[in-house]
Amino acid sequence: MPEARYFDIRHVTGEVTHVDLDNTVVESAGTSFYDRAVIRALGPDGWGILTVDHFRRPSGKKFEELIEEALSLASLTRQKVTLSEVTGGALPVPSMTEDPRSVPIGEKKDLLAGIEKAARVPGIVSTRAGYIERYEDVRFEDSSGNEYAYATCRSGFSVMAVAGRNGDMQMGYEREHSLRGLNLRHRQDLGREAGERALSLLDARAAKGGTMHAVLDPELAGVFAHEAVGHAGEGDLVLEGGSVLAGKIGEGIGSPLLTIVDDPSLPEFGFEPVDAEGSRVGRTEIIRKGVVNAYLHSRETLAAIGHGKAGNARAMPGEPPLVRMSNTYIENGDSSLDEILAECRSGILLKGSRGGQVDPGRGVFQFNAEYGYLIGDGELGSMVRDVSLSGEILQTLHSITLCAGDRAMHQGYCGKGGQSVPVSDGAPHMLLKNAVVGGSGTG
Amino acid sequence: MRWWAAVELVERILQEGARLADEVEVYLSSGSSIAARLQRREIHYAAGSRHQGLSIRVIHKGCIGASGTQNPDQWRECLGAAVAGAKLATSQPWNGLPDPADLDQVPLNFDPDLRPEPESTRELLLGMIEGTAAYPVEITSGSAEISVYSEILANSHGLNYTSRGSNVSAAIETIREQSTGYEFDNSWKSDLDPLMIGEKAAELASTSTGGKEIATGEYNVVLSPLAFSQLLGAVFIPALSGRNVHAGRSRLANLLGQQVTDPGLSILDDPFHQRGLSATRWDAEGTTTDVLPYVKEGVLQMFAYDIKNGSRYGKKSTGSAVRAGPGGAPSIGTHNIRLEGPRTDVLEERAIFIHDVVGAHTANPLTGDFSVELSNASVFEGGVREYPIRKAMLSGNVFSMLEEIGGLSRQERVIGSFILPDIRLKNQRIIGNE
């Protein structure tokens, strides 16, 4: 059997702790464990990959056999893979204000119960609150002698309130996750907001769909950056011919106001000290002043198509690395929200996010706001519910005419290829002219 | 882990667990898979996987705790975590884990001829590539995977069921100009037709090019099984969960015995369906399964319960537990959802056919309101495609869209835990760009 041109091993062990409160009852709480490794070997042509649960790194002859087992799978491929040379080196994991693992789970349960209780304002018929804490101990080594070891602990909570009246039901939802330590203390305000929003939505009308000017709040505009641009900027999709941004380097595709960045080195929820194949992480401007500037890359996609730098290979424990976003955001502009509303004049303000999706090959995206407000004469009017927005990447970015200076980041999880990784998205308020807004309202 | 070692481990955990709690449940699984992935027309990588999982649940004085691990050697820590979890949980009424039943243990979804071998995945990929040649498209990516697994479910009442399963899946994505086409299939037996999957993906991309704009308005639409399964899964199925019903989170909560869909429509969970990927004679807790007629001729008949929620709300478990909770713990789910209703040529009369939707997961799970972008949508008349639609949204409500249907197609396909036909729906709101 030929020798491996390269191999790496990424072994992740850890614990997941959760608390699930349902209408003040502790529905479940506790800790589970995981232990998975991925061994990748590059044969004469392409990759052979082995995933093993309950991994114990062998040494000597047994180690060689392990690499050979991965390599034997590579015999199936005829695709000549080249890896770009990269700089290694891991950043320190940002410090935590309070290590969640040092707080007893009973205390976490009590803190979460306080948040859930705050959501139970009069008129709320159902509440649910969840806490999740994920500790990961990562060990990486490759055939070039690079070795990294680090641990992260991500934790956070969500709270949902359901308001009911005469058979009608509406939902308010808040969540916050962090890499920087336990965030459960003194957060009853978010519970209360979930409850009060659910009540307000009982009086909100369904949005009427159509083409109109839309103002996106920082959370939704962050999802816009992620769905409308970030995915299409992923080097593997570009390489496969599955992205509308393929071949567009240097081309203006949006307003000069628009700079969209991905940066795994930011101490936000999508932080990585080093990427999943040992590359140093850093800032990539996917769009710079409206012009396509770079793609996000693994070592392989960088070698294949260039334009950018490696450092965006990420993986769930036990899964092979994929090119992924991390902390994605639109840079601040110099307008204010008042100026944006005045410029919009008539349209809709969209707030919060229920997620989104993109078809990067077709260049079409969709995402959903949790609620919104009609805008008339530059002033906020009545509340609307269940409103979504769809658009085409290559047209929509030209329609961003104003960006405020109030960027904020929000945390979430992004799915791709069956893997879910922690990310953050952010943006300032921005004005999107002639947006296609979806809603089931007719009046 | 060898079979005898697995059996011995399960026994040890049950014995040790019985000293710490009233009842103990152990689920031990192991398996292997081979997957291969296409990048354009070349195999990008092949991946092998060996996996194992242990999930332990204890019940003590009505308090339930669970934990899971991928390292069965760690079973003592896992058992300790389950016991600690139970100490935190609120005590609930609990009817007890099931006693053993005399069930046939011949697996319902295991094909001994399906083996996770690299060459088999290669053949699937090559077959799909060949299939795409029927239309002038480029391949962007594809994948094929074959897996086998075995599992043991045992509890301190003497229940000890074993099962095996197999699965094969294949998927391919194509593009022509700026139109994409994605097709996939999976099965528990070796009956996939990769040529057909490839051809369908290519047809979707190819026939979606040159799309026309459409005016905003009300249209009759036909949802493919893929599009329909996403909207059902995001809204209607969670509303059938007894937990959501009693916790005040289901729009169906007070509608038992009432008309909730078109009187021609029935919705049922059939755990014995021959093609179902989740076919089983017992659920994740060992409760004997049965066909569950949730909606019969439009009338809501029942909700889904596991033991915990059945005990809590004075109901029996409906055998609806699946392993979807934290640490692999059981929670309420479904096995093989299928529909019964009037079968017609759904595209004979003019309609917009919607193959896929973008963003179904953003639907409001409580109210059922949704707005999604269409993928591979075309106007059909007399069963023939008139023209593709370039871009439009479908906005509506999952509950009200089922109140008046225009029929179901005769053909069905398996999509995860659904076995669905095309469904024709009347007067749905389309937001176009014309």
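Residues numbered from 1 in each chain as written. Chains lettered and ligands numbered in written order. Predicted model: local features only at pLDDT ≥ 70, side-chain atom pairs only at ≥ 80, totals over all residues. Heavy atoms only, no water.

*Asks:* Can you lay out the packing of aromatic side chains for me, pointing to particular residues and giving the numbers?
*Replies:* All names here are of chain A. Applying the stated criterion across every chain yields a total of twelve aromatic pairs over all chains. By way of ring pairs, the aromatic residues Phe-224, Phe-365 and Phe-367 are connected into one cluster. When the ring centre of Tyr-329 is taken as origin, the NZ or CZ atom of Arg-407, which lies over that ring, is 4.0 Å away. (Phe/Tyr/Trp six-rings, centres within 6.5 Å; stacked < 30°, edge-to-face > 60°. Lys NZ or Arg CZ within 6 Å of the ring centre and 35° of its normal.)

*Asks:* Before we move on, could you go through the pairing of strand E1 (residues 6-22) of chain A and cite the residues and values that matter?
*Replies:* Residue and element names in this part refer to chain A. Across the 17 residues that make up E1, a large majority, 15, are buried. Pairing of E1 with strand E2 (residues 25-42) involves 17 bridges; the strand directions are antiparallel. For Tyr-6, the partnering residue across the bridge sits in E2 and is Leu-42. Between E1 and the antiparallel strand that follows it, E2, lie two residues; Asn-23 among them carries a positive phi value of about 50°. Two strands pair when backbone bridges link them, and E1 and strand E4 (residues 124-142) are joined in this way by 15 bridges, in the antiparallel orientation. Its bridge partner being in E4, Asp-20 is matched across the sheet by Gly-130. (Buried < 20%, exposed > 50% of the residue type's maximum accessible area, 1.4 Å probe, protein only. Helix = DSSP H or I, 4+ residues; strand = E, 2+ residues; numbered from the N terminus. Pairing = 2+ DSSP bridges.)

*Asks:* A description of the domain arrangement of chain A should follow, citing residues and the corresponding values.
*Replies:* All names here are of chain A. Domain assignment breaks chain A into domain 1 (6-203) and domain 2 (206-440). Contacts between domain 1 and domain 2 engage 42 residues on the former and 36 residues on the latter. Buried surface at the junction of domain 1 and domain 2, summed over both partners, amounts to about 3500 Å²; 58% is from carbon and sulfur atoms. On inspection of domain 1 and its partner domain 2, the count reaches two salt bridges. Where Glu-219 meets Arg-175, a salt bridge forms, and the shortest distance between an N and an O atom there is 3.1 Å. Between domain 1 and domain 2 we count eleven residue pairs in polar contact (both at pLDDT 80 or more) in total. At the level of elements, E1, E2, strand E3 (47-53), E4, strand E5 (147-165), strand E6 (168-178) and helix H3 (188-202) are the ones that each hand at least two residues to the side of domain 1 that touches domain 2. Considering each element in turn, the side of domain 1 that touches domain 2 owes the most residues, six residues, to E6. Within the side of domain 1 that touches domain 2, the residues separate by chemical class into 20 nonpolar, ten polar and twelve charged. (Domains from an automatic or database assignment. Contact = heavy atoms within 4.5 Å. Buried area = accessible area lost by both parts, 1.4 Å probe. Salt bridge = Lys/Arg side-chain N within 4 Å of Asp/Glu carboxyl O. Polar contact = N/O pair within 3.5 Å; in protein donor to acceptor, adjacent residues only side chain to side chain. Nonpolar A, V, L, I, M, F, W, Y, C, P; charged D, E, K, R; others polar.)

*Asks:* Just give me the short version of unusual backbone geometry, but keep the residues and values in it.
*Replies:* Phi at A:His186 takes a positive value of approximately 55°, unusual for a residue other than glycine. Along the polypeptide, A:His186 turns up in the loop between E6 and H3. Accessibility expressed as a relative area gives 70% for A:His186, which makes it exposed. One non-glycine residue, B:Glu297, lies in the positive phi region at around 45°. With respect to the helices, strands and loops of the structure, B:Glu297 is situated in the loop between strand E9 (292-296) and strand E10 (299-300). Residue classification places B:Glu297 among the exposed positions, given a relative accessible area of 53%.

*Asks:* Give a detailed account of the domain arrangement of chain B, specifying residues and quantitative values.
*Replies:* All names here are of chain B. Segmentation of chain B into domains returns domain 1 (3-202) and domain 2 (212-434). Computed from C-alpha atoms alone, the centre-to-centre distance between domain 1 and domain 2 is 24 Å. Facing 35 residues of domain 1, the contacting portion of domain 2 comprises 33 residues. Summed over both partners, the interface of domain 1 with domain 2 comes to about 2700 Å²; 54% of that surface belongs to carbon and sulfur atoms. When the buried area of domain 1 at its contact with domain 2 is split by residue, Leu-103, Leu-108 and Phe-184 rank highest and sum to 19% of it. Joining domain 1 to domain 2, the criterion identifies four salt bridges.

*Asks:* Would you mind going over the pattern of salt bridges in detail, with residue names and values included?
*Replies:* Considering all chains together, one arrives at 58 salt bridges over all chains under this definition. For the salt bridge of A:Arg128 with A:Asp22, the shortest nitrogen-to-oxygen distance reads 3.9 Å. A residue pair is termed long-range when its members are at least 10 positions apart, and A:Arg128 in strand E4 and A:Asp22 in strand E1 qualify at 106 residues. Note on A:Arg128: relative accessible area 27%, which makes it partly exposed. In this structure A:Asp22 comes out as buried when scored by relative accessible area, which is 0%. Residues joined by salt bridges that share partners form a network here, namely A:Asp20, A:Asp22, A:Glu27, A:Arg128, B:Arg243, B:Arg249, B:Lys308 and B:Arg312.

*Asks:* Go over the nonpolar core with me, naming the residues and quoting the values.
*Replies:* Counting residues in each nonpolar core, the largest one holds 54 residues, and the members touching the most others are B:Leu223, B:Phe236, B:Leu252, B:Ile352, B:Ile354 and B:Ile423. By residue number, the principal contributor to this core is helix H5 (residues 225-239) of chain B, which donates nine residues. Excluding anything up to four places from it in sequence, B:Leu252 contacts B:Phe236, B:Ala239, B:Leu240, B:Val260, B:Leu300, B:Phe303 and B:Phe399. With 44 residues, the next largest nonpolar core counts A:Ala214, A:Leu245, A:Ile286 and A:Leu350 among its residues. (Core = buried A, V, L, I, M, F, W, Y, C linked by side-chain atoms within 4.5 Å.)

*Asks:* Go over H5(B), please, and point to the residues and values.
*Replies:* Residue and element names in this part refer to chain B. Here H5 contains 15 residues, and its C-alpha end-to-end distance of 20 Å stays within 8% of the 21 Å for a straight helix at 1.5 Å per residue. Along H5, the sharpest kink reaches roughly 50°, centred on Gly-233. Counting buried positions along H5 gives twelve out of 15 residues, so the element sits mostly inside the fold. Regarding H5, the residues found buried are Pro-225, Leu-226, Ala-227, Phe-228, Ser-229, Leu-231, Leu-232, Ala-234, Val-235, Phe-236, Ile-237 and Ala-239. (Expected span 1.5 Å × (residues − 1). Bend = angle between axes of the 7 residues up to and from the residue.)

*Asks:* Give a detailed account of the sheet that holds strand E16 (residues 327-330) of chain A, specifying residues and quantitative values.
*Replies:* All names here are of chain A. Ordered in space as E11-E10-E9-E16-E23-E22, the six strands form an open sheet in which the pairing is mixed. Across the chains shown, the open sheet's two edge strands, defined by having one partner strand only, are strand E11 (291-292) and strand E22 (408-416). Direction of pairing for strand E9 (residues 260-262) relative to E16: antiparallel, over a ladder of three bridges. Across the sheet, Val-261 pairs through a bridge with Tyr-329, a residue of E16. Across the sheet, helix H4 (residues 218-230) is in contact with E9, strand E10 (284-288), E16, E22 and strand E23 (419-427); its angle to E23 comes to roughly 120°. (Axes fitted to C-alpha atoms, helices over the stretch in contact; angles between N-to-C directions.)

*Asks:* Residues and numbers for the pairing of E3(A), please.
*Replies:* Counting buried positions over the seven residues of E3(A) gives seven, a clear majority of the element. Here E3(A) shows no split at all, with A:Trp47, A:Ile49, A:Thr51 and A:Asp53 on one side and A:Gly48, A:Leu50 and A:Val52 on the other all buried. Strand direction decides the pairing type here: E2(A) and E3(A), joined by seven bridges, are antiparallel. Following the sheet pairing, A:Arg36 is matched in E3(A) by A:Asp53. The turn linking E2(A) back onto E3(A) is made up of four residues. Strand direction decides the pairing type here: E3(A) and strand E2 (residues 42-60) of chain B, joined by six bridges, are parallel. Counted as the bridge partner of A:Thr51 is B:Ser49 from E2(B).

*Asks:* Now, about the interface of chain A and chain B: what can you tell me, with residues and values included?
*Replies:* Interfaces are often sized by the accessible area lost when the parts come together. In this complex, chain A contributes 78 residues to the contact, which on the side of chain B involves 79 residues. Taken over both partners, the interface formed by chain A and chain B buries close to 6300 Å², and the fraction arising from carbon and sulfur atoms is 49%. Across the contact surface, chain A and chain B share ten salt bridges. Of the charged contacts in the structure, one is a salt bridge between B:Arg249 and A:Asp22, with a shortest N-O distance of 2.9 Å. Summed over the shared surface of chain A and chain B, the result is 45 residue pairs in polar contact (both at pLDDT 80 or more). At twelve residues, the largest contribution of residues to the side of chain A that touches chain B is made by E2(A). Its residues placed into classes, the side of chain A that touches chain B shows 27 nonpolar, 33 polar and 18 charged.

*Asks:* Lay out the packing of helix H1 (residues 3-20) of chain B against helix H2 (residues 75-88) of chain B with the relevant residues and their values.
*Replies:* Residue and element names in this part refer to chain B. Across the interface, H1 lies against H2 with an axial gap of 11 Å and an inter-helix angle of 35°. Where H1 crosses over H2, the handedness of that crossing is right-handed. From H1, Leu-9, Arg-12, Ile-13, Glu-16, Gly-17 and Leu-20 reach across to H2, where they touch Trp-75, Arg-76, Leu-79 and Val-83. A per-class count over the contact of H1 with H2 returns six nonpolar, one polar and three charged. (Left-handed = near helix turned anticlockwise from the far one by under 90°.)

*Asks:* Can you tell me about the side chain of A:Ser126, naming the residues and giving the values?
*Replies:* Positionally, A:Ser126 belongs in strand E4. What makes A:Ser126 buried here is its relative accessible area of 0%. Looking at A:Ser126, its side chain comes within polar contact range of the main-chain oxygen of B:Ala247, at 2.5 Å. Not counting the four nearest positions on each side in its chain, A:Ser126 is found in contact with A:Asn23, A:Met160, A:Ala161, A:Val162, B:Ala247, B:Gly248 and B:Arg249.

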